[in-house]
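Breakdown of the fold
What follows is each chain in one-letter form.
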Amino acid sequence: MTVDHEHPYLSQLRQQLRDNRIDRREFLRTATLLGMAAGAAYAVAGLPAPARAQEEMPKGGKIRIGMHVQEIKDPQTLSWVEPTNVLRGCVQYLTVTDQANITRGQLLEKWDPSEDLKTWTLTIRQEAKWRSGRPFTADDAIWNIKRVLDPKTGSSVLGLMKGYMLEEYDTGAQKDGKPVKSTRLWSDKAIEKIDDKTLRLNCKAPQLAVPEHMFHFPFFMLDPAENGAFKVGMNGTGPYEIVAYNVGQNAIVRASKTYWGKPVNLDEVEFVDLGTDSGATIAALASGQVDGVYDVDFSELDTIKALPDINIHSVTTAQTSVVRGKCDQKPFNDARVRQALKLAIDQQKVIDIVFRGAASVGEHHHVAPVHPEYAKLPMIHQDIPKAKQLLAAAGYPDGLKLEIACKPSPAWELASVTVMTEMWKQAGIDVKINVMPAASFWQVWDKVPFGYTAWTHRPLGVMVLGLAYRSGVPWNESNYSNPEFDRLLVQAEGILDPDKRRVVMAKLEQIMQEDGPVVQPLWRVVQAAYHKKVKGFRMHPTEYIFLDELAVEKA
Amino acid sequence: MLAASLLLFLLFELMPGDVAVAELGPYSTPEQRDLWMAANGYDQPAMLRYFAWLGHFAIGQWGESRIFLAPVARIVGTRLENTAILGFWFFAVLIPLSLGMGVLAGMREGSWLDRAVSAICILTTSVPPFASTVLVSAVFVFDLHWLPGTSTMLDGFSYRQLVMPVMVLVLYDFGYIARITRATMADVMATPYIRAAILRGLPYRRVILRHALRNALIAPFTLLMLHVNWLIAGVIVVEYFFAFKGFGSLILEASLGKDLYLLEACTMITVAMATLTQTISDLGYLVLNPRMRSV
């Protein structure tokens, strides 16, 4: 990128790196976010760019990966990661956030945010082309952005970008006596075409994470000529062509000869559906029917470790589940009760029992060590006498009787709730577990008085706090409302400097620990397993598979 | 059948919104869900949708599967075919094995052979399929490396992949049939007409094959017919564990995926199959037991 277009904050960032005030990873993350090309950022940070040039990688060959092959109606409305692992080879994104949490351009060459982070100019790679031969243009990108933001499409990108790209309006229609609301672009100029390879997003509000949102997993760039329909042999800009897609059985992708980028190593990848029984997964891996499996449950770890020639790949994530009560209902309206619930828990013990140690300790504030602005606070340890004391002070000297809603799958959620109920019992809190089928649970997850809710990995700590704990936002399942917290959060969201943001973050984390609505025992670790002959696999925190990085050694 | 289909439809009605959530994910907005429901015809009254479905079903239009995105009839067809192959080999091994052992054991009640057969039968039948699947794959896949671990049949039909599912089913079931055969055989051997035949000096072989077997097989035959039923829906565990794409795992996938049309079709087939096998077993009974013919 040219210097005169550079975001003014980049020079400060360089200085901070020189003064060792931020680490290299943080520099890379923020610099690439602000539009510095990833290669240049790595060079400034004095790090070798990750081995994307794969000289030693063997060429050719085929591998099989065990993974659910689920239905795809529309690539932009997917709610599961598995189908995107097949699609990711065939269609591409504007950006990609890699395994090290660094965001780089895929179809985009660069992006330039304005200083107030409200105007984002996106430049598409000159060489980017559809496999059909037509160049990938700004019109294609705009068509896709408009499509995911149309409520009729049903894409989850809408919820992500609603705050800064859309506005609510009254449709005039009525349902059950209430006016029906819908959303539309907040302005005619919200998405602007500059030229064939350049477009601009004019946002309603400042937003730091635009490049990360462009890598939200269903945000694929589909061919407008095919109206975004999914089919075997569909067009795309990616290196692979889907040659078979049989739901519940298998999916096959084959390397295309007309890909615009660097040729890929593998000729063919087949995804094999092994059902959901973990026994089948291990058995298929052991007898060489598959060369790798998409996800390894912690209960399978010991068995897989015993298999020869199989590598286990793992990474700590910002995925978690939190226990939360409704802060506007008794007894959770008392901060002392909320704190007693936290103090009764021995996080390490939960991890040891449920995951046999394969998870990281949570600190009850929902900001993960992998987040750039994470501030280390003194660890909260189990303290049963203090928990009892707090309960008594709150007016519950004889303890409490509660009912917690949770779902049976994944199995570790129910297991950790069960372990925690035993710990609460010691503090005089008697908790009954109400296990609901997952589908029913998701109907009421934000309505039950007391529940255990799963939250997925998000790249920034402020994103999570803003989604879940700001007063009055749709996903604030605990109805938590703290003006001081809200004020600090807005402040943190406006600070680009991760060092300075961390100072505010420490205060936010402390409020979460002392006053906040959640008990958070752990952070998830995710694993996959591959045969040693499979090269180039790196575990992504959201379990994305990048087919273009893989290769296989010939037997 | 009508009652079963209606019941299933009503059960689905009790969980409104579920289909849209399953389709668009837990984080979709209520507005997106409403739009999806309307676009896919879920906003019409339940009774209207039920009768529309029933009419179409009766004339052979079973609708589209929500999770497989293909005609229900086609999916059910291929899955039934796979389970039929599994079932064929299951019975091909089960019938000679269990009847043979049962007859051998029942011929001489109390002999060492009888005791040995009984012991084996009780041992194998007492291990449920969900345990024996693990056991069998631990031995043949992980220790001996003889057999492939799953039976997806993706590279075309493979006998090697069929071995373990059939083995597990037979292990669980043969003891039961063999024990019943043994019991009826022992009863028959104690009847006066068999003793009379033996005392008259007919060859033992002839007594067994011509006189005893026919009467001893009535109960096992009825049981075996019932097992066709059991196989259709009861192989879920085995098919699931070995990732075998049969009818049992289809029922499971359809119910987990809230695929109403597919589940309705599966239920209809299961009920139809039950009726059919009952009829066959009643007819077979007539052939085996002459006394029934005059009634």
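Residues numbered from 1 in each chain as written. Chains lettered and ligands numbered in written order. Predicted model: local features only at pLDDT ≥ 70, side-chain atom pairs only at ≥ 80, totals over all residues.

1. Quick word on the overall build of chain A
Each helix and strand counted, chain A has 17 helices and 23 strands in total. A principal-axis box enclosing the C-alpha atoms of chain A has dimensions of 75 × 60 × 55 Å. Relative to its full complement of 555 residues, chain A shows a buried share of 48%. (Helix = DSSP H or I, 4+ residues; strand = E, 2+ residues; numbered from the N terminus. Buried ≥ 20, exposed ≤ 12 C-beta atoms within 10 Å, placed from the backbone.)

2. Thoughts on the overall build of chain B
Looking only at helices and strands, one finds 15 helices and zero strands in chain B. Each of the three principal axes of chain B carries a C-alpha extent, and together these read 85 × 55 × 30 Å. A sequence separation of at least 24 residues applies to 71% of the contacts in chain B between residues at least 6 apart. (Contact = placed C-beta atoms within 7 Å.)

3. Considerations on helix α7 (residues 129-143) of chain B
Between its first and last C-alpha atoms α7(B) spans 20 Å; for 15 residues at 1.5 Å apiece the expected length is 21 Å, and the two agree. Listing the buried residues of α7(B) in full gives P129(B), S132(B), T133(B), V136(B), S137(B) and V141(B). Contact partners of the buried residues in α7(B): α8 (278-286) of chain A together with α8 (159-189) and α12 (236-241) of chain B. (Expected span 1.5 Å × (residues − 1).)

4. Some points on the nonpolar core
Counting 198 residues, the largest nonpolar core has Y93(A), L285(A), A340(A) and A344(A) as the members making the most contacts within it. Ranked by residues supplied to this core, first place goes to α8(B) with twelve residues. If we skip the residues at most four places from it in the chain, L285(A) touches G66(A), V290(A), V293(A), I304(A), L307(A), I310(A) and A529(A). L17(A), F27(A), A41(A) and I102(A) belong to the second largest nonpolar core, which has eleven residues in total. (Core = buried A, V, L, I, M, F, W, Y, C linked by C-beta atoms within 7 Å.)

5. Description of the interface of chain B and chain A
On the chain A side, the residues contacting the 34 residues of chain B number 30 residues. Elements with a minimum of two residues in the side of chain B that touches chain A: α2 (18-24), α3 (30-39), α7, α12 and α13 (247-256) of chain B. When residues in the side of chain B that touches chain A are grouped by element, the largest group, five residues, is from α7(B). Its residues placed into classes, the side of chain B that touches chain A shows 19 nonpolar, eleven polar and four charged. (Nonpolar A, V, L, I, M, F, W, Y, C, P; charged D, E, K, R; others polar.)

6. Here's the deal with the sheet that holds strand β4 (residues 108-113) of chain A
Strand pairing in a sheet relies on backbone hydrogen bonds. The paired strands run either parallel or antiparallel. Residues and elements named next belong to chain A. Spatially, four strands are ordered β4-β5-β9-β8 in an open sheet, and the strand pairing comes out antiparallel. Edge strands, defined here as strands with exactly one partner in the open sheet, are β4 and β8 (191-195). Within the sheet, the average angular offset between the axes of one strand and its neighbour, ignoring direction, is 20°. The pairing of β8 with strand β9 (residues 198-202) spans four bridges and is classified as antiparallel. Considered in β9, the bridge of D195 is made with T198. Against the sheet, helix α5 (residues 138-149) engages β5 (119-124), β8 and β9, with an angle of about 175° to β8. (Pairing = 2+ DSSP bridges. Axes fitted to C-alpha atoms, helices over the stretch in contact; angles between N-to-C directions.)

7. As for the environment of S471(A)
Residue and element names in this part refer to chain A. Checked against the element boundaries, S471 lands in the loop between α15 (461-468) and α16 (483-493). Note on S471: 13 C-beta atoms within 10 Å, which makes it partly exposed. Sequence-wise, S471 and S409 are 62 residues apart; in three dimensions their C-alpha atoms are separated by 30 Å.

8. Digging into the packing of α16(A) against helix α17 (residues 498-514) of chain A
All names here are of chain A. Remark: α16 packs on α17, axes separated minimally by 9 Å, with the N-to-C direction vectors making an angle of 155°. Comparing the axis directions of α16 and α17 gives the class roughly antiparallel. Along this stretch, α16 crosses α17, giving a crossing that reads as left-handed. Contact residues: α16 offers E484, F485, L488, L489, Q491 and A492, while α17 offers R501, V504, M505, K507, L508 and I511. (Parallel < 35°, antiparallel > 145°, perpendicular 65-115°, else oblique. Left-handed = near helix turned anticlockwise from the far one by under 90°.)

9. What to know about the packing of helix α11 (residues 347-355) of chain A against helix α13 (residues 411-426) of chain A
Residue and element names in this part refer to chain A. Between α11 and α13, the shortest axis-to-axis distance is 10 Å and the interhelical angle comes to 135°. Comparing their axes, α13 and α11 come out oblique. As for how α11 packs across α13, the hand of that crossing is right-handed. Mapping the contact onto sequence places V350, I353, V354 and F355 in α11 and W412, A415, S416, V419 and M420 in α13. Along the lines of polarity and charge, the residues of the contact of α11 with α13 split into eight nonpolar, one polar and no charged.

10. Focus on the confidence of the model for chain B
Residue and element names in this part refer to chain B. Across chain B, the average pLDDT comes to 81, with 92% of residues at or above 70. Looking over chain B, one finds the lowest element-wise mean pLDDT in α2, namely 65, and the highest in helix α6 (residues 112-125), namely 89. Taken over the whole predicted complex, pTM reads 0.78, whereas the ipTM for its chain interfaces reads 0.72. (pLDDT = per-residue confidence, 0-100.)

11. Things to note about α5(A)
Residue and element names in this part refer to chain A. Taking 1.5 Å per residue as the helical rise, α5 with its twelve residues ought to reach 16 Å, and the 17 Å between its terminal C-alpha atoms agrees with that figure. Among all positions in α5, only A138, D140, A141, N144, I145, V148 and L149 are buried. Angularly, the buried residues of α5 cover 160° about the axis, an arc narrow enough to put them on a single face. Packed against the buried residues of α5 are β5, α6 (157-165), β6 (166-175), β7 (178-185), β8 and β9. (Arc of directions from axis to C-beta.)

12. Things to note about unusual backbone geometry
Residues and elements named next belong to chain A. Of note, the bond from K330 into P331 is cis; its omega dihedral lies within 30 degrees of zero at -5°. Even without being glycine, R356 reaches a positive phi, approximately 50°. In this structure, R356 sits in the loop between α11 and β16 (359-361). The backbone phi angle of N479 is positive, close to 55°, even though this residue is not glycine.

13. Some remarks on the environment of W455(A)
Relative to the elements of secondary structure, W455(A) occurs in strand β19 (residues 450-455). Counting along the chain gives 76 residues from W455(A) to H531(A), while the straight-line C-alpha distance between them is 31 Å.

14. Examining the pairing of β5(A)
Residue and element names in this part refer to chain A. Both β4 and β5 contribute to a ladder of five bridges, which runs antiparallel. Its bridge partner being in β5, W111 is matched across the sheet by L122. Linking two consecutive strands that pair antiparallel, namely β4 and β5, is a turn of five residues; a positive phi of about 60° is found at L117 within it. Here five bridges tie β5 to β9, and the two strands are oriented antiparallel to one another. Bridge assignment links T121 to a residue of β9, and that residue is R200.

15. Let's talk about the pairing of β7(A)
In regular strands, side chains alternate between the two faces of the sheet. Residues and elements named next belong to chain A. Both β6 and β7 contribute to a ladder of seven bridges, which runs antiparallel. Of the residues in β7, the one forming a bridge with Q174 is P179. Hairpin connection of β6 to β7: two residues between the antiparallel strands, including D176 at a positive phi of 55°.

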